[in-house]
Every structure is written in C-alpha cells, then in structure tokens.
Amino acid sequence: MKTMTCRDLGGPCDLAHQAGTADEIIKAQDRHLKEAEKLGDATHDEARQAMKARWRHPKKSMAWYTGTKQTFAALADD
C-alpha cells in the first residue's frame, strides 16, 4: 500500500488515500472530489472540474495520468 493526499493529486486538502495501485488512488481521489462536491465544499470545485475534464478527455490528460503513475511508483510502501 502507498499513500497520496488529495493535495498530491491536485486537490486542496490533505486527506490521505491509500491504495495498492496508482489507478486505485486516482479513483479514490475521484470519489473524494465527487463527495466534496455533493456536500457543497467549494474548496474542491477547481480540482473536481479538472478531474471531470480528465475523465472526458483522457488523451489530453495523459501527461497528468503518466505523472501521477510515476509519482505513485516512486513512493515507498507504507
């Protein structure tokens, strides 16, 4: 397991996500941003809009995705 925070993934807070793969951590961040939006947390709006754009335009977002995977891979296991 490895840990990345919302902030590590482009968000505004330090909520820690733990996962075994980069894809799992990205999905955890997506769930977190959706929940923040549902609760009316405006501090997460910019990150939520960016995540929505990545899901809609994955080819354009490949640099973010590749960078996140590389950052995750470089982390030490918890």
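A brief report on the enclosed structure follows. The model shown is predicted, which means the values in this text are computed figures rather than measured ones. (Residues numbered from 1 in each chain as written. Predicted model: local features only at pLDDT ≥ 70, side-chain atom pairs only at ≥ 80, totals over all residues. Heavy atoms only, no water.)

**Notes on the side chain of H17**
- Summarising the element assignment, H17 is placed in strand β2 (residues 16-19).
- You can call H17 buried: its relative accessible area is 6%.
- Within the structure, the side chain of H17 is placed 2.7 Å from the side chain of Q29, a separation counted as a polar contact.
- What H17 contacts, discounting residues up to four positions off in sequence, is K2, T3, M4, T5, C6, L9, I25, A28, Q29 and H32. (Helix = DSSP H or I, 4+ residues; strand = E, 2+ residues; numbered from the N terminus. Buried < 20%, exposed > 50% of the residue type's maximum accessible area, 1.4 Å probe, protein only. Polar contact = N/O pair within 3.5 Å; in protein donor to acceptor, adjacent residues only side chain to side chain. Contact = heavy atoms within 4.5 Å.)

**A look at the nonpolar core**
- M4, L9, A19, A22, I25, I26 and F72 form the largest nonpolar core, which has 7 residues in total.
- The element that contributes the greatest number of residues to this core is helix α1 (residues 22-38), accounting for 3 residues. (Core = buried A, V, L, I, M, F, W, Y, C linked by side-chain atoms within 4.5 Å.)

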